[in-house]
Structures are given as C-alpha cells and as structure tokens.
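Residue-level structure breakdown
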Amino acid sequence: MADRMSTVDQAHAELEREQQHLDELFDRRDSLIGTVARDRAAHLATAHDEADRTTAAAAVAALTRREQELERADRGLCFGRVDTDEGEQRYIGRIGLPSEDEDADPLLVDWRAPAARPFYTATAAQPLGLHRRRHIRTDQRTVLSIDDELLDAENTSDASGLVGEAALMEALDARRTGAMGDVVATLQGEQDEIIRASHRGCLVVQGGPGTGKTAVALHRAAYLLFTHTHLVERGVLVVGPSPAFLDYIDQVLPSLGETQVVATTVERLLPGAEVGRVDTAAAAEVKGRALWADVLRRSVQARQPVSRAIEVPYDGERVTLDEPAVAEILARARAGQASHHLARERFREQAIDALAAAALKRAAQLLEEVEHGFEDILGKLDKSLRKQAEVVGVRSSSRGVQVDGVATAEDAADLRRDLATSPDVLAELDSVWPTLDPQRILGGLLADRAVLAEYAPELTDADRAVVCRPEGAAWSVPDIALLDELADLVGETDRAGEVAADNSRTLAERASADRTWAFGHVIVDEAQELSAMQWRMLVRRCPTRSFTLVGDVNQAYAPGSAPSWEDALASSFGDRWRRTELTISYRTPREVMERTAPVLAAAGSSVEPPRSVRSNDRLPTRREVLEARLVTEVTDAARELSERYRGGQVAVIALPGRHEALRAALGSSAEGHAQVRLVSPLDSKGLEFDAVVLVDPHAVAAGPRGWSSLYVCMTRCTQELHIVVPSDGSITPDVDVLAGQGWSSR
Ligand SMILES: Nc1ncnc2c1ncn2[C@@H]1O[C@H](COP(=O)(O)OP(=O)(O)OP(=O)(O)O)[C@@H](O)[C@H]1O
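What counts, and where the lines are drawn
- Residues numbered from 1 in each chain as written.
- Predicted model: local features only at pLDDT ≥ 70, side-chain atom pairs only at ≥ 80, totals over all residues.
- Helix = DSSP H or I, 4+ residues; strand = E, 2+ residues; numbered from the N terminus.
- Buried ≥ 20, exposed ≤ 12 C-beta atoms within 10 Å, placed from the backbone.
- Contact = placed C-beta atoms within 7 Å.
- Pairing = 2+ DSSP bridges.
- Near = placed C-beta within 6 Å.
- Nonpolar A, V, L, I, M, F, W, Y, C, P; charged D, E, K, R; others polar.
- pLDDT = per-residue confidence, 0-100.
- Domains from an automatic or database assignment.
- UniProt positions renumbered as here; feature names shortened; annotations may be inferred.
- Arc of directions from axis to C-beta.
- Axes fitted to C-alpha atoms, helices over the stretch in contact; angles between N-to-C directions.
- Parallel < 35°, antiparallel > 145°, perpendicular 65-115°, else oblique.
- Left-handed = near helix turned anticlockwise from the far one by under 90°.

Turning to the overall build of the protein chain, a few remarks are in order. Regarding its fold elements, the protein chain presents 30 helices and 22 strands. Each of the three principal axes of the protein chain carries a C-alpha extent, and together these read 130 × 75 × 50 Å. For the protein chain, with 746 residues in total, the buried portion stands at 40%. For the protein chain, the share of sequence-separated contacts (at least 6 apart) that also reach a separation of at least 24 residues comes to 74%.

Okay, structure coming up:
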C-alpha cells in the first residue's frame with residue numbers, strides 16, 4: 001500500500017512539474033506574440049512611400065504568418081517529451097519556441113525539426129539515444145495526463161511497433177466530430193518516414209482504407225513548408241476528391257499553422273470554368289483518355305492564321321503589306337513552342353513594326369515627289385501630309401513647306417504608337433489572327449459528331465456518340481481537364497493576371513486566380529481517381545514535378561480509372577516516380593476489416609486488406625428485411641446508434657435513389673445525440689464516422705466499380721458497421737460475399 005501511494009504521489013508530482021513547464025511555455029508564447037505584433041507595427045510605421053511599403057510587404061507577411069502560427073498553437077502547444085541517455089529533456093510541440101537566451105536550447109522543439117524526429121521513430125529495439133518517450137495530454141493550458149514509454153532493451157511493451165500506444169488508442173477511440181483533426185502528437189514511425197521524405201520528384205503513397213494517407217499527406221504539406229522555405233513563396237497545392245472532403249480536412253493545416261496552401265478539387269483549378277452537369281460513366285471514361293491532348297492540339301492547329309495581304313488606312317493613305325511579307329511575319333511569330341496567343345502577340349508586334357516602316361517609306365516617297373515640284377500632289381496631300389510631315393521631318397510655315405527628309409527616332413515611335421492603337425489596324429490584324437476561346441472550341445467540337453470525327457479519328461463512332469452534347473450545355477468535371485488543355489494550347493490573352501500579381505492578397509487568392517501559377521509542390525489525395533487528362537492538368541501546375549500522391553488503387557471508383565499506379569501514371573510521369581506503402585489501418589476495427597477481404601477479392605484485387613490496429617469485439621451486423629420495412633429498419637438502427645455515440649457522427653450510406661425516402665424518415669438528429677448524416681457511396685469517400693448503417697450493399701456492388709465502392713463504404717466506421725439487406729432484393733448466392741461467419745444478426 002505504501003509503495004502504491006508513493007507511485008501515485010510520484011505521478012502527481014510529475015503532473016505538477018509538467019503543468020509548471022506548460023505554464024512557462026504559454027508565457028513565452030504570449031510574450032512572442034507581443035514581440036511579433038510590435039515588430040509588424042514598426043515595419044508598417046517606417047514605410048513612408050510605395051517603395052517602402054513594397055519592401056516591408058514580405059516582412060509583414062512573414063510576421064503575420066508567425067503571429068497566426070503562435071496564436072493557433074494553444075491546442076496541444078506541447079504534447080511530448082524525450083529524455084536522452086545524456087540526461088537532456090527535450091519538449092516537442094506544435095511549434096518551436098526559442099529560449100530568451102539566444103545561446104540556450106529551444107524551450108520547445110517544433111515537431112517538424114530534425115531534433116523532434118526520435119520522438120516519432122525511437123523504439124526499444126532502436127532507442128536512438130533515448131531512454132524515455134512521454135506523451136503529454138493537455139486541454140488548452142491544463143495538463144490532463146502523461147503517459148511514459150521506457151525505451152530499454154528489456155522493455156517488450158512496444159512489440160506492437162506502435163509509438164505511444166496509449167495516446168494513439170485514446171485518439172482513435174475518441175468520438176468523431178465531422179472534421180478531421182491533426183495527429184501530430186501520435187504520428188507513427190512509417191508515417192513519419194513518408195512525411196519527411198525528399199520533396200524532389202513524385203512520391204506515391206499506396207495504402208488501404210484508414211491507413212492515414214490523408215493525415216500523412218497534410219502533415220507532409222506542413223513539414224515541407226517548414227523545411228523548404230522556397231516552397232512558401234509558391235505554396236503547396238492540395239487536391240482532394242470533393243468539396244465535402246475539403247470541408248472535412250479544412251482545419252488540419254491551419255491547426256498546424258500553415259496558410260501557404262491552396263486546397264481544392266481538380267475541377268475547380270481552372271479559373272472561369274464552372275461545372276453544372278454530370279457526365280455518364282461512359283462519357284467520363286472517354287473524356288479522360290490521353291488521346292484528347294492530340295485531338296485538341298489538332299483543333300487549335302486548324303485555327304492557325306492563313307497568310308494574306310494586309311491593308312490599313314492611315315491618315316488618308318493606305319498602308320499595305322503584301323502576302324509574302326505577311327507570310328514571313330507569321331512564320332517568325334510561330335517559331336518555337338509558343339502558345340497560340342503568345343505567337344499571336346508576336347505577330348501583332350512584328351506586323352505593326354512592318355506597317356510603320358511601310359508608312360514611313362510611303363511618306364518619304366511622297367515628300368520626294370514634293371521636292372521635285374509636284375504642286376498638284378502637294379494640294380492633294382493637304383492635311384494628311386502635314387501630319388506625316390511631322391513624322392518625316394517636314395516643317396510647314398507661312399513661307400511654304402521645308403523638307404529635311406530625315407525622320408527622328410521619336411517621330412518613328414510616334415507613328416508606331418498611332419498604328420498600334422488604331423482600331424482599324426487592330427481589327428485588320430485580328431481578322432488575320434483572332435484570339436481563341438477554349439470554351440467555344442470545345443463546345444463546337446463536342447456538339448458535332450462530324451467535326452469530332454475529323455479531329456478525333458482515334459475514337460470509335462460509339463465513343464463519339466457518348467461524348468456528344470448540345471452546344472451551350474453546361475460543363476462536366478471531365479470537361480474541365482479538356483478546357484484546361486485548350487487554355488494551355490491557346491495561352492493567355494492578357495498576361496498581366498492582376499490578382500496574381502497583387503502582393504496584398506493571400507497566396508490562395510493569387511494562385512487561385514491564375515491558371516499559370518506554378519506551385520512548389522502538389523499533394524493529391526484519392527489520386528487513383530484521376531484520369532490521364534486530369535494528370536496533365538496537374539503536372540502543368542507544377543513544372544518541377546514535385547508531387548506527393550496518396551491513394552489506394554483498390555478503392556478506385558472513377559470510370560476508367562487505372563488498375564495500377566503504373567498504368568495511372570504512365571502518360572504523365574513515365575517511370576519517374578517512387579512508391580511507398582502504409583500498412584496499418586488506424587480507423588477501421590479488426591472485426592469490420594476482416595469482413596472486407598471477400599469484397600476486395602471480388603473487386604479483383606490480389607492484396608489483403610490492411611492490418612487493423614484495433615479490435616473492439618463488436619461484430620458487424622447483417623439484417624435482412626422486406627423492402628417495405630427497409631426505411632423503418634434503417635431509421636431505427638440509425639437512431640439507436642445516434643444515442644449510443646452521443647456527440648459523435650453516424651452515417652447512413654445508401655445509393656442516391658433511396659435518399660428521398662430515407663431523408664424524410666430520418667428527420668433531424670435528437671439534441672445531444674450523434675449527428676446522423678445521409679451520404680451516397682461516392683460522397684463517403686475519404687470520410688469517417690463512429691458508426692455506419694450501410695443500406696442495400698448488394699445494389700452498391702452491382703453498380704459500376706461496385707465492389708471497390710462497397711469496400712469504401714464498409715471501411716468508413718471507427719467503431720461499428722451494420723448492413724441492411726432487402727430480403728426480396730436480387731442477391732445471387734454466388735456473389736453474396738457478405739454472408740457467412742463474422743456477421744452478427746443483431
Ligand atoms: N498516427 C495517428 N494518430 C492518430 N490518429 C491517426 C493516425 N494516423 C491516422 N489516424 C486517424 O485514422 C483515421 C484514418 O486516417 P486517414 O483518413 O488519413 O486515412 P486514409 O488512409 O486517408 O483513409 P481512406 O483511404 O479510407 O480515406 C483518421 O481519423 C486519422 O485521424
């Protein structure tokens with residue numbers, strides 16, 4: 001008893017010590033916020049003119065970012081400590097806090113710093129110079145509990161290979177809130193390795209459901225921005241599968257103090273193009289094929305200008321360029337890899353130069369004639385000559401016309417400017433080389449099967465039939481990648497990109513407004529869903545090809561999505577990518593995960609589902625009911641779960657055709673109970689809930705990519721899965737992989 005008391009006392013004393021330390025950290029953080037605010041005010045106060053303000057802008061932006069980072073760090077400011085063999089204690093936190101004494105060690109080490117690494121990777125077998133790892137659980141400024149792991153060779157408690165197992169299990173068992181949180185306090189070794197991998201080239205992270213791919217991808221974004229300062233300038237692009245998914249992950253990066261990130265879906269990447277239509281699966285598959293790059297190039301090439309003579313009015317005279325001269329200018333403008341609009345811009349510049357030279361030559365000729373005494377021509381020239389005379393050095397006076405015959409550079413520049421701003425000249429040049437509108441080109445191409453046959457001979461008649469649509473119809477998600485390809489071929493018309501150049505705007509605003517913005521790194525979640533044309537679109541956003549792609553080929557849903565990473569990436573990355581794997585499922589309990597093996601096999605996969613880190617003894621249930629009773633049964637199950645998982649999230653996953661009836665019956669969730677959400681299989685991708693009621697799974701499996709879709713639906717729960725099967729539905733025994741052992745009937 002005495003021993004037990006002393007252990008309790010000891011634990012209490014440790015808790016007190018950690019509380020004291022946390023208080024000191026918060027004091028330091030608060031004082032740093034004050035310093036940053038004062039520094040920022042000083043920068044602004046000393047900026048007297050525009051040039052000062054421009055110089056100060058970068059420093060002010062950096063200070064603002066630091067202030068936001070400090071302010072947001074109050075949840076889990078410090079979450080860990082490592083004790084080294086040398087007797088050093090190093091605290092690990094969400095951000096770094098320097099000591100007031102510049103020569104002293106930091107008070108808190110940022111989780112991304114190299115010095116924090118052993119916290120995530122040390123094991124009893126490989127202690128990396130540590131003898132203790134401590135997880136510190138806090139609520140704002142209060143220490144709630146501490147949990148120690150001793151990293152001695154005799155300690156076999158980490159045989160699971162998990163880091164901070166107690167803290168991890170507590171995090172995984174917690175109620176879901178509907179928003180993803182960061183996992184910075186409990187990152188595991190295999191995740192840490194991926195987060196810190198080199199940012200160069202393309203890294204593919206394959207992992208089954210719940211293995212932490214999304215978590216790893218987002219923490220990697222934060223790590224890369226912390227470690228490689230050049231990325232802060234260009235930002236990191238995070239591409240997710242749907243707006244619902246972006247809402248779900250919305251808070252993770254801000255909680256990690258990151259603002260230099262643009263999170264979006266692939267179809268929102270093209271400024272000015274809106275999606276308002278859903279393609280059939282067949283149309284989406286055809287539109288995703290890489291061959292469209294050639295089809296679209298041909299359709300732009302067919303709109304190349306044809307050489308012809310140019311004639312423009314200028315001060316009562318006609319200035320002309322003959323056809324061979326225009327042909328030469330066109331050829332010069334087109335040389336190299338320039339886009340349609342960039343080449344057009346060159347053409348206009350050179351054509352105006354040539355017209356100006358022709359106008360000067362014509363005026364000089366006229367003046368020569370004047371010098372030789374053709375008074376009648378003088379009369380004819382009258383007003384127009386006076387104007388041109390200024391250009392070529394003719395001075396008129398009451399005593400008549402004086403000619404020196406030489407145009408100054410300034411005169412020539414004036415004439416050129418006159419031509420370059422003349423509406424007649426611009427209209428003539430436009431008619432030779434008009435601007436192109438990607439939306440009109442694609443609209444025209446998809447509206448006419450004969451045109452499509454001309455430009456897309458690679459497609460079959462059946463393919464062309466499925467992609468044809470009425471002119472003026474709204475755009476679909478796959479159309480956006482085609483529009484983006486066209487936008488790239490035709491190039492920008494005004495290259496200024498006012499918003500993109502406006503340094504007072506956030507990086508997200510500037511980058512989102514500019515199709516040509518080059519990001520420092522791109523992270524793609526659910527990357528297995530992207531088509532070849534969408535990959536091309538993304539590669540254009542990062543010319544250095546610095547990518548992290550996370551996904552699971554076994555969860556692929558998109559029509560035509562590739563069966564392997566090799567196939568998916570061949571057209572855009574060739575073999576210039578490396579692959580790594582996440583193997584442990586943190587989300588889905590073992591009891592549920594085991595039931596997915598036959599589904600995965602039916603989906604055509606040869607791999608096993610990932611190993612679950614948890615078991616909770618709750619067998620998934622299967623209830624068979626008559627169709628007429630199905631809505632009642634689902635509603636009752638959802639209500640029961642909603643009460644059991646108070647404060648959490650329950651999902652009813654059903655095909656959209658069942659939503660109307662289910663929504664009406666489910667109504668709104670009772671006060672204090674778990675929120676019940678009705679989602680389609682597609683929308684459930686990437687999300688998670690405490691418990692899931694899956695409606696008519698055989699109908700899900702019967703749809704396109706059905707088994708993969710069913711695999712996704714079954715792996716969304718952190719605690720319980722219940723399936724409701726209509727007993728008068730069409731389950732053929734040989735496909736009923738949801739029967740047999742491992743299911744409970746209640
Ligand atoms: N190291 C960790 N500590 C605590 N929680 C973790 C950890 N790794 C993952 N998780 C949690 O596990 C769950 C699944 O993670 P995540 O959504 O990143 O998996 P995923 O591989 O993207 O899943 P899916 O492919 O099914 O969408 C999340 O709740 C996440 O917060």
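Moving on, there is more to tell.
This part covers the sheet that holds strand E2 (residues 89-93). Reading across the sheet, the 5 strands line up as E3-E2-E1-E4-E5 and stay open at both edges, with mixed pairing between neighbours. Of all the strands in the sheet, just strand E3 (109-110) and strand E5 (142-150) have a single pairing partner and so form its edges. When strand E1 (residues 78-84) meets strand E4 (residues 130-139), the two strands line up antiparallel, connected through 5 bridges. Within the sheet, the bridge partner assigned to Gly80 lies in E4 and is His135.

Moving on to the site of the ligand. As a matter of local geometry, the ligand sits amid 24 residues, with Pro209, Gly212, Lys213, Thr214 and Tyr586 nearest to it. Those elements that provide at least two residues to the shell around the ligand are helix H4 (165-173) and helix H6 (213-227). A per-class count over the shell around the ligand returns 9 nonpolar, 11 polar and 4 charged.

By the bridge criterion, 5 bridges tie strand E9 (residues 310-314) to strand E10 (residues 317-321) in an arrangement that is antiparallel. Paired with Tyr314 across the two strands is Glu317, which belongs to E10. In this structure, the hairpin formed by E9 and E10 is closed by a connection of 2 residues, where Asp315 is found at a positive phi of approximately 50°.

With that settled, consider the confidence of the model for the protein chain. Per-residue pLDDT for the protein chain has a mean of 88; in total, 91% of the residues score no lower than 70. Contacts from residues 392-403, a stretch scored under 50 in pLDDT, to residues over four places away or in other chains number 25 contacts. Across the whole predicted complex the pTM is 0.86, and at the interface the ipTM reaches 0.99.

Turning our eyes to something else, we now look at the domain arrangement of the protein chain. Each assigned domain of the protein chain is listed with its residue range as follows: domain 1 (1-187), domain 2 (202-299 + 500-582) and domain 3 (590-727). In this complex, domain 1 contributes 6 residues to the contact, which on the side of domain 3 involves 11 residues. Residue composition of the side of domain 1 that touches domain 3, grouped by class: 3 nonpolar, 1 polar and 2 charged.

Once that is clear, we can look at the environment of Asp696. Note on placement: Asp696 falls in the loop between strand E21 (689-695) and helix H29 (697-702). Residue Asp696 is classed as buried on the basis of its C-beta count, with 22 C-beta atoms lying within 10 Å. The spacing of Asp696 and Leu630 is 66 residues in sequence and 9.1 Å in space, taken between C-alpha atoms.

This paragraph deals with the UniProt feature "binding site: ATP" (unreviewed entry) in the protein chain. Per the UniProt entry, the sites bearing "binding site: ATP" (unreviewed entry) are Gly207, Gly208, Pro209, Gly210, Thr211, Gly212, Lys213 and Thr214 in this numbering. Here Gly207 lies in strand E6 (residues 202-207). A count of 25 C-beta atoms within 10 Å places Gly207 in the buried class. Residue contacts for Gly207: discarding those within four places in its chain leaves Lys213, Asp552, Glu581, Leu582 and Pro610. Along the chain, Gly210 falls in the loop between E6 and H6. On the basis of neighbour counts, which here come to 27 C-beta atoms within 10 Å, the residue Gly210 falls in the buried class. Residues within four places of Gly210 in sequence aside, it is in contact with Ser585, Tyr586, Arg587, Thr588 and Thr715.

Here we come to helix H17 (residues 438-447). Among the residues of H17, Pro438, Ile441, Leu442, Leu445 and Leu446 are the ones counted as buried. Along the axis of H17, the buried positions cluster into a sector of 115°, meaning they face one direction only. Structurally, H17 contributes buried residues whose contacts are with helix H11 (292-301), helix H18 (449-455), helix H19 (461-467) and helix H20 (477-490).

The 6 strands are arranged E8-E7-E13-E14-E6-E15 in an open sheet whose pairing can be described as parallel. If you trace the sheet from one side to the other, it starts and ends with strand E8 (261-265) and strand E15 (578-582), each paired once. Taking each pair of neighbouring strands and ignoring which way they run, the sheet shows an average axis angle of 15°. Pairing geometry for strand E13 (residues 521-524) and strand E14 (residues 547-551), over 3 bridges, is parallel. Counted as the bridge partner of Ile523 is Thr548 from E14. Docked against the sheet, H6 engages E6, strand E7 (236-240), E8, E13, E14 and E15, running at close to 165° with respect to E14.

With that settled, consider the packing of helix H13 (residues 340-371) against helix H15 (residues 409-420). For any two helices packed against each other, one specifies the inter-axial angle together with the distance between the axes. Interaxial distance between H13 and H15 falls to 9 Å at its minimum, and their mutual angle equals 125°. One element, H13, and the other, H15, form an angle in the oblique class. When the axes of H13 and H15 are compared, the crossing they make is right-handed. In this structure, H13 contributes Ile352, Leu355, Ala356, Ala359 and Leu360 to the contact, and H15 contributes Ala412, Leu415, Arg416, Leu419 and Ala420.

Let us look at the environment of Val319. Relative to the assigned elements, Val319 resides in strand E10. Put simply, Val319 and Leu483 are 164 residues apart on the chain and 39 Å apart in space, counted from C-alpha to C-alpha. Apart from the residues within four sequence positions on either side, Val319 is in contact with Val312, Tyr314, Leu355, Ala358, Ala359 and Arg362.

Right, let's talk about helix H24 (residues 565-573) for a bit. Listing the buried residues of H24 in full gives Ala568, Leu569 and Ser572. Taken around the axis of H24, the buried residues stretch over an arc of 70°, which confines them to a single face. Looking at the buried side of H24, the elements it contacts are helix H23 (532-540). Backbone geometry just after H24 places Gly574 at a positive phi near 55°.

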